[in-house]
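Take a look at the letters that make up each chain.
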Amino acid sequence: MAIITNAPRGTQDVLPAQSGKWQYVEQKALDVAGLFGFREIRFPTFEHTELFHRSVGDTTDVVQKEMYTFQDKGGRSITLRPEGTAGTMRAILQNGLLNDVMPLKVSYVTSCFRYEKPQAGRLREFHQFGVEMVGSAAPAADAQTIAVAKTIFDSLGITGLELEINSIGCPECRANYHEALKAYFRSHYEELCETCRERLDKNPMRILDCKNPACAELAKDAPVVLDYICDDCKTHFEGLKKHLEAMGIAYQVNPTIVRGLDYYTRTVFEFVATGIGAQGTVCGGGRYDGLIELLGGQPTPSIGFAMGLERLLLVMEQCGCEFPPDQGCTIYLGSMGEAAALKASELCMRLRDEGFYAECDIVGRSVKAQMKYADKLHAKYSCILGDNELEAGKVRVKRMDSGETEEVSLEADAFIRFIYAGTLDELTDETDGILGSISKIKGE
Ligand code: HAM
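Here we summarise the structure given alongside this text. (Residues numbered from 1 in each chain as written. Predicted model: local features only at pLDDT ≥ 70, side-chain atom pairs only at ≥ 80, totals over all residues. Heavy atoms only, no water.)

### As for the overall build of the protein
Worth spelling out the cut-off: Each helix corresponds to a stretch of at least 4 residues labelled H or I by DSSP, and each strand to a stretch of at least 2 residues labelled E; elements are numbered beginning at the N terminus. All radius of gyration figures rest on C-alpha atoms, and the globule criterion is 2.2 Å times the number of residues raised to 0.38. In this description, contact between two residues means that some pair of their heavy atoms is separated by no more than 4.5 Å. Here the open area of atoms and residues is found with the Shrake-Rupley method and a 1.4 Å probe, where only the protein chains shown may cover a residue. As used throughout, the charge tally considers Lys and Arg to be positive and Asp and Glu to be negative, leaving His and the chain termini uncounted. For the purpose of locating charges, the reference atoms are NZ of Lys, CZ of Arg, CG of Asp and CD of Glu.
If you tally the helices and strands in the protein, you get 16 helices and 16 strands. For 444 residues, the compact-globule estimate of 2.2 N^0.38 gives 22 Å, and the protein exceeds it by more than 25% at 28 Å. Oriented by its inertia axes, the alpha-carbon framework of the protein measures out at about 90 × 65 × 45 Å. Counting contacts in the protein only where the partners sit at least 6 residues apart, residues at least 24 apart contribute 69% of the total. For the protein, the computed accessible surface area is about 22500 Å², with 51% contributed by carbon and sulfur atoms. In the protein, 48 side chains carry a positive charge and 64 a negative one; their mean positions are 3 Å apart.

Okay, here's the thing in structure tokens:
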């Protein structure tokens, strides 16, 4: 097939039949984060390449192998964002947001680009929902951040995700760990891939998340970081556990989690799904207390996470989670003749002003074809306006499911009142729900 009708490998279209699910998930995530005080931030798709080298880290897979980097027409090195934390921190620094009340809490929905080998749940363009909390070093902040992710999963009806936590210590205690890792991997030097041999002296922890099978096998028996962290880091980690327990959030300590990006300090965590294939990590995050300083700001402890929306949707399908139905067509106003078409058009606009999805003929179909179309739209009501109806000022409106009909005035307000009354059952269901909850709270 011609290349122009094939999307590049590792990219995915979201078609109209699916986009409602995306909107639902994104809005839910933003809303839940809002309950914890996070407000949305938007930042550019591309940044200066140096930003990612500095923050994500020169020796990471992301920077070494996966970035979409190019020179723009002005000769600058530009990179499509491989993740959202670096751009968010750049935006915070550039716009002086560190002068605001701390902690600063931001959320985002964003596309990311990584040149990886595509497979189920792993794309070259993918999407993340993420949050970043800037300005608190306390373990309570770690726990609250994790709670945002957990609450999002719960509110979407996702079950079966495991929260795994670990601490990778601070730069001081990690030096000892680096020495232990170097000693271990040096004794297996011949088995390491070319990239990891180079990493050995510079950043041995990166060998632990190398995707090469031989390196991954070696990583299984490598020393674990929890055995090397200092007392302060241990206390922080214990504090996190206590807060998670207080919030009723179940976790497992997984001492092998190190995360694939260099900026992390102390807490790291992942929510992992079994059953969506090898790419089971739906959400990953952690503390990055040194990043803002590394980018030129005042030392500012921070923590955040990002969840992959493609993976999240895979898990939701697998769990059989329910999605709200798309808003169906309320009424199809068919017509015969120009005067009737103009009236149908007028009524449609009025109905839309009231929030109803209304359609009329914009193709010039025969009446029979218009009725077929109304059927395809699954319209709740339909009617056909003609000269006779215009003259009488009334039209027979049909309820498509039962076939019942009713004569309705063509006077716009009366027509709208009829539609309101007909959809009242749906509206009341919702209202009952809210009133029901209020009554419950009041103990009525
Ligand atoms: P990350 O672990 O690299 O962390 O990515 C977060 C999530 O994005 C992963 O758990 C996964 O669900 C999804 N993801 C990553 N790569 C792909 C891919 N190629 N295809 C589909 N989904 C993918 C970060 O990006 C950090 N910025 C998270 C963070 C925020 N840490 C602190 N704040």
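### A closer look at the site of the ligand
Short version of the rule: Here, proximity means that at least one heavy atom of the residue falls within 4 Å of the molecule or strand. Definition of a polar contact: a pair of N or O atoms within 3.5 Å, with one able to donate and the other able to accept a hydrogen when the atoms are protein atoms, and with sequence-neighbouring residues admitted only if both atoms are side-chain atoms. Throughout this entry, Asp, Glu, Lys and Arg are counted as charged residues, while Ala, Val, Leu, Ile, Met, Phe, Trp, Tyr, Cys and Pro are counted as nonpolar. The remaining residues, Gly among them, count as polar.
By nearness alone, 27 residues border the ligand, and Glu 83, Glu 116, Glu 132, Arg 259 and Tyr 264 come closest of all. Measuring from a nitrogen atom of the ligand, one finds a backbone N or O atom of Phe 305 at 3.3 Å. Considering the ligand on its own, with 660 Å² of exposed area, one finds that the protein chains cover 95% of that surface. Broken down by secondary-structure element, the contributors of at least two residues to the shell around the ligand are strand S6 (125-134), strand S10 (281-287) and strand S11 (302-308). Ranked by the residues each element gives to the shell around the ligand, the list is headed by S10, at six residues. Here the shell around the ligand is built from residues that sort into 11 nonpolar, nine polar and seven charged.

### Comments concerning the pattern of salt bridges
Formally: We define a salt bridge as a contact between a side-chain nitrogen of Lys or Arg and a carboxyl oxygen of Asp or Glu at a distance within 4 Å. We call a residue buried when its accessible area falls under 20% of the maximum for its residue type, exposed when it is over 50%, and partly exposed in between, using a 1.4 Å probe and counting protein chains only.
Under the criterion given, the structure shown has 25 salt bridges. The partner of Arg 206 in a salt bridge is Asp 262, with the nearest N and O atoms 2.5 Å apart. Of the two residues, Arg 206 sits in the loop between helix H7 (194-202) and helix H8 (213-219) while Asp 262 sits in the loop between strand S8 (252-253) and strand S9 (265-272), which places them 56 residues apart along the sequence. A relative accessible area of 24% means that Asp 262 is categorised as partly exposed. Shared partners join several salt bridges into a network, and the residues in it are Asp 61, Lys 65, Glu 66, Glu 116, Arg 122, Arg 199 and Lys 211.

### Brief notes about the nonpolar core
Applicable threshold: To form a nonpolar core, buried Ala, Val, Leu, Ile, Met, Phe, Trp, Tyr and Cys residues must be joined to one another through side-chain atoms within 4.5 Å.
Of all hydrophobic cores here, the largest spans 48 residues; its most connected members are Phe 185 and Leu 208. Elements represented by at least two residues in this core include exactly helix H2 (49-55), helix H3 (61-66), helix H4 (85-94), strand S5 (104-113), helix H6 (171-186), H7, H8 and helix H10 (291-294). Excluding anything up to four places from it in sequence, Leu 208 contacts Tyr 177, Leu 181, Phe 185, Ala 219, Ala 222 and Val 258. Judged by nonpolar contacts, the second largest core, of 45 residues, contains Leu 30, Ala 141, Leu 161 and Ile 249.

### Topic: the packing of aromatic side chains
For clarity, the threshold we go by: Two rings from Phe, Tyr or Trp (for Trp, the six-membered ring) form a pair when their centres sit within 6.5 Å of each other. Planes less than 30 degrees apart are called stacked, planes more than 60 degrees apart edge-to-face, and all others tilted. Over a ring means this: the NZ of a Lys or the CZ of an Arg is within 6 Å of the ring centre and within 35 degrees of the ring normal.
Taken as a whole, this structure holds 13 aromatic pairs when the rule is applied. Ring plane angle 65° and centroid distance 5.0 Å describe the contact between Phe 153 and Phe 271, whose orientation is recorded as edge-to-face. Residue Phe 153 is found in helix H5 (residues 139-155), and its partner Phe 271 is found in strand S9; the two are separated by 118 residues along the sequence. Three or more aromatic residues link up through ring pairs in this structure, and these residues are Phe 129, Phe 269 and Phe 305. Geometry around Tyr 115 places Arg 124 over its ring, the cationic atom sitting 3.9 Å from the centre. Taking the ring centre of Tyr 373 as reference, the NZ or CZ of Arg 365 above it sits at 4.3 Å.

### Quick notes on the packing of helix H1 (residues 16-35) against H5
Where we set the bar: Every axis in this analysis is a line fitted to C-alpha atoms, fitted for helices over the stretch in contact. Angles between the N-to-C directions lie between 0 and 180 degrees. Note on angle classes: values under 35 degrees are labelled roughly parallel, values over 145 roughly antiparallel, values of 65 to 115 roughly perpendicular, and the remainder oblique. Note on convention: near helix rotated counterclockwise from far helix by under a right angle means a left-handed crossing. Clockwise means right-handed.
Two elements in contact, H1 and H5, have axes separated by 9 Å at closest approach and are oriented at 135°. Judged on the interaxial angle alone, H5 and H1 are oblique. H5 is crossed by H1, and the crossing has right-handed handedness. Between H1, through Tyr 24, Lys 28, Ala 29, Val 32 and Ala 33, and H5, the contact on the second element is made entirely by Val 148, Thr 151, Ile 152 and Ser 155.

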